[in-house]
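# Fold and geometry: a report
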Amino acid sequence: FHRHTNLDGGKTNLLTDLTFAFYIQIPENLVDDEGDFMYMNEETNKIEHIKPKEGDILFFSGNIAHTPNLTKSSSVDRIVIAGNITSEFKTQSKLL
């Protein structure tokens, strides 16, 4: 599991407001929970699963611990466009 906070190791004050995943291609021959998007529900302290379909877009807070489950049984690649959205970006000043 990982979070999308402090993405650049503290070089800037970049804070991720939202993270997204757009599912372009999903293999059809997945077994059980393969390919699931998993996240930690901090209210219940349980791992939740979402089984995305082609064309789905998931938006969630960059602070949510999450991970994609592997697609070991698949015969084709899972293709996802993922990224982060921030509403505020501040760079640290350096004197030359």
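Throughout what follows, the structure given in this document is the object of discussion. (Residues numbered from 1 in each chain as written. Predicted model: local features only at pLDDT ≥ 70, side-chain atom pairs only at ≥ 80, totals over all residues. Heavy atoms only, no water.)

### Digging into the pattern of salt bridges
Enumeration over the complete set of coordinates arrives at two salt bridges. In this structure, the salt-bridge partner of K51 is D36, at a minimum N-O distance of 2.6 Å. With K51 in the loop between β3 (46-50) and β4 (57-61) and D36 in the loop between β1 (18-25) and β2 (37-41), this residue pair connects regions lying 15 residues apart in the sequence. (Salt bridge = Lys/Arg side-chain N within 4 Å of Asp/Glu carboxyl O. Helix = DSSP H or I, 4+ residues; strand = E, 2+ residues; numbered from the N terminus.)

### As for the sheet that holds β3
One open sheet accounts for three strands, arranged β3-β2-β5; its pairing is antiparallel. Here the strands that pair on one side only, and so sit at the sheet edges, are β3 and β5 (66-68). Mean inter-strand twist for the sheet, computed between neighbouring axes without regard to direction, equals 25 degrees. Note that β2 and β3 share five bridges and pair antiparallel. By the bridge assignment, N41 is partnered in β3 with K46. (Pairing = 2+ DSSP bridges. Axes fitted to C-alpha atoms, helices over the stretch in contact; angles between N-to-C directions.)

### A few points about the environment of D17
Mapping D17 onto the fold places it in the segment before β1. Sequence separation between D17 and N84 is 67 residues, and the spatial gap between their C-alpha atoms is 7.5 Å. Aside from chain neighbours lying at most four places away, what touches D17 is F60, S61, G62, I85, T86, S87 and E88. (Contact = heavy atoms within 4.5 Å.)

### A short note on the nonpolar core
In summary, soluble globular proteins display a tendency toward joint burial of nonpolar side chains. If you look at the biggest cluster of nonpolar residues, it comprises six residues: A21, Y23, I26, F37, L58 and F60. Once residues within four sequence positions are removed from consideration, Y23 is found in contact with F37, P52, K53, E54, G55, D56, L58, R78, I79 and V80. (Core = buried A, V, L, I, M, F, W, Y, C linked by side-chain atoms within 4.5 Å. Buried < 20%, exposed > 50% of the residue type's maximum accessible area, 1.4 Å probe, protein only.)

### Thoughts on the packing of aromatic side chains
Using the criterion set out here, one finds three aromatic pairs in the structure. Aromatic side chains F20 and F59 sit 6.1 Å apart centroid to centroid with 40 degrees between the ring planes, which places their arrangement in the tilted category. Of this pair, F20 sits in strand β1 while F59 sits in strand β4, and the two are 39 residues apart along the sequence. Judged by centre distance (5.0 Å) and plane angle (50 degrees), the rings of F37 and F60 are tilted. Remark: F60 occurs in strand β4 and F37 occurs in strand β2; sequence separation between them is 23 residues. Grouping residues by exposure puts F37 and F60 together as buried. In textbook terms, an aromatic cluster arises when at least three aromatic residues are bridged by ring pairs, as seen for F37, Y39 and F60. (Phe/Tyr/Trp six-rings, centres within 6.5 Å; stacked < 30°, edge-to-face > 60°.)

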